[in-house]
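Structural features, examined
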Amino acid sequence: GAGVSQSPSNKVTEKGKDVELRCDPISGHTALYWYRQSLGQGLEFLIYFQGNSAPDKSGLPSDRFSAERTGGSVSTLTIQRTQQEDSAVYLCASSLSTGTTYEQYFGPGTRLTVT
Amino acid sequence: GESVGLHLPTLSVQEGDNSIINCAYSNSASDYFIWYKQESGKGPQFIIDIRSNMDKRQGQRVTVLLNKTVKHLSLQIAATQPGDSAVYFCAERGPGTYKYIFGTGTRLKVLA
């Protein structure tokens, strides 16, 4: 079956522009996570969705970052007025549920470069 | 494309030898732990997990050890193969939470 997919795979944008990153989770997975991975760093938690709601947005670095999920499926991470420090790989993961031992399945990531 | 850092701790092992990758976790109350493998240009891939009520769990060629006293996890890979070359991350999850905290990762290089 299909895994988690993300688009675009690579995005180069100019400083100050807005970008949208898309995640298609595995069908039936109710939990969805966004992480950021910068060079020399581990994975940084950004936000988590259970269904369409996001109980915790505290991982978002600033108010320039927002995310939504519709229909309990596709999620979009939006970064407004991009800055060079936003350059990183943005990873999405989905799982069957939370609060259990169900593993997260990761997508290949979107590599964002802000010039 | 490159998806892992350039300045990670690196472990180099000869093909066929056993590898031990270590991780110190942060929260003594964490009750669930996962090891992930990440190859260049790909997302992390689940390897093995362990709950806090266990101190050892074995999979195929891999063993995870948990020492809650010193908040330490290790991943042992038996008979390391070239395909094991990757960055390995540990992740912890606190009780009753959904948030996973990842370690910074260790790069494993398998020498032929």
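Just so it is clear, the model here is predicted, and its values are computed rather than measured.

Of regular secondary structure, chain B possesses zero helices and ten strands. Mapped in sequence order, the helices and strands of chain B form the string β-β-β-β-β-β-β-β-β-β. Relative to the 2.2 N^0.38 estimate, which gives 13 Å for 112 residues, the radius of gyration of chain B is 14 Å and therefore close to what a compact globule would have. The principal-axis extent of the C-alpha atoms belonging to chain B is close to 40 × 30 × 20 Å.

With that out of the way, let us pick up the state of the cysteines. If you walk through the whole model with that rule in mind, you get two disulfides over all chains. Each disulfide pairs two cysteine sulfurs, and for A:Cys23 the partner residue is A:Cys92, the sulfurs being separated by 1.8 Å. Here the disulfide of A:Cys23 and A:Cys92 is left-handed, its torsion about the S-S bond being about -65°. Taken as a pair, A:Cys23 in strand S3 (residues 19-24) and A:Cys92 in strand S9 (residues 88-95) lie far apart in primary sequence, 69 residues in all. Neither A:Cys23 nor A:Cys92 differs from the other in exposure class; each is buried. Put simply, B:Cys23 and B:Cys90 are joined by a disulfide, and their sulfur atoms are 1.6 Å apart. You can see B:Cys23 sitting in strand S2 (residues 19-24) and its partner B:Cys90 sitting in strand S8 (residues 86-93), a full 67 residues away along the chain. Neither residue differs from the other here; B:Cys23 and B:Cys90 are each classed as buried.

Once that is clear, we can look at the sheet that holds strand S6 (residues 62-67) of chain B. Residues and elements named next belong to chain B. What the four strands build is an open sheet, ordered S2-S7-S6-S5; its pairing is antiparallel. The outermost strands of the open sheet, each flanked by one partner alone, are S2 and strand S5 (56-58). Between one strand and the next, the sheet's axes are offset by a mean angle of 15°, whatever the strand orientation. Across three bridges, the pairing between S5 and S6 is antiparallel. Its bridge partner lying in S6, Gln 58 is registered against Thr 63.

Residues and elements named next belong to chain B. Taken as a whole, the largest pocket spans an internal volume of roughly 190 Å³. Taken together, Lys 37, Gln 45, Phe 46, Ile 47, Gln 60, Arg 61, Val 62, Leu 75, Ile 77, Asp 84 and Tyr 88 make up the full set of residues lining the largest pocket. Among the secondary structure elements, those contributing two or more residues to the lining of the largest pocket are strand S4 (45-51) and strand S7 (72-77). The element contributing the most residues to the lining of the largest pocket is S4, with three residues. For the lining of the largest pocket, the per-class residue count stands at six nonpolar, two polar and three charged.

Glancing now at the environment of B:Gly16. Among the secondary structure elements, B:Gly16 is positioned in the loop between strand S1 (10-14) and S2. Apart from residues lying up to four places away in sequence, B:Gly16 is in contact with B:Ala79 and B:Thr80.

Secondary-structure assignment places A:Thr78 in strand S8 (residues 75-79). Leave out the neighbours within four places in its chain, and A:Thr78 touches A:Val19, A:Glu20, A:Arg64, A:Phe65 and A:Ser66.

Moving on, we come to the packing of aromatic side chains. For any pair of aromatic rings, geometry is given as the distance between the ring centres together with the angle between the planes. In this structure the tally under the stated criterion is eleven aromatic pairs over all chains. Each ring, one from A:Tyr33 and one from A:Tyr48, has its centre 5.5 Å from the other, and the planes form 40°; the classification is tilted. Here A:Tyr33, found in strand S4 (residues 31-37), pairs with A:Tyr48, found in strand S5 (residues 43-50); they are 15 residues apart in sequence, far enough to count as distant. We classify A:Tyr33 as buried; its relative accessible area is 1%. With a centroid separation of 5.2 Å and an interplanar angle of 80°, the aromatic rings of A:Tyr35 and B:Phe102 are classed as edge-to-face.

Residues and elements named next belong to chain B. Per the counting criterion, the structure on display carries seven salt bridges over all chains. Among the ionic pairs, Arg 61 bridges to Asp 84, the shortest N-O distance being 2.9 Å. Placement of the pair is Arg 61 in the loop between S5 and S6 and Asp 84 in the loop between S7 and S8, with a sequence separation of 23 residues. Exposure remark for Asp 84: the relative accessible area of 7% places this residue in the buried category.

Cut-offs used in this document
- Residues numbered from 1 in each chain as written.
- Chains lettered and ligands numbered in written order.
- Predicted model: local features only at pLDDT ≥ 70, side-chain atom pairs only at ≥ 80, totals over all residues.
- Heavy atoms only, no water.
- Helix = DSSP H or I, 4+ residues; strand = E, 2+ residues; numbered from the N terminus.
- Rg over C-alpha atoms; globule rule 2.2 N^0.38 Å.
- Disulfide = S-S within 2.5 Å.
- Buried < 20%, exposed > 50% of the residue type's maximum accessible area, 1.4 Å probe, protein only.
- Pairing = 2+ DSSP bridges.
- Axes fitted to C-alpha atoms, helices over the stretch in contact; angles between N-to-C directions.
- 1 Å grid on protein atoms, 1.4 Å probe; cavity = no way out; pocket = protein on both sides within 12 Å on 5 of 7 lines; lining within 4 Å.
- Points joined across faces, edges and corners; volume = space filled by probe spheres on them.
- Nonpolar A, V, L, I, M, F, W, Y, C, P; charged D, E, K, R; others polar.
- Contact = heavy atoms within 4.5 Å.
- Phe/Tyr/Trp six-rings, centres within 6.5 Å; stacked < 30°, edge-to-face > 60°.
- Salt bridge = Lys/Arg side-chain N within 4 Å of Asp/Glu carboxyl O.

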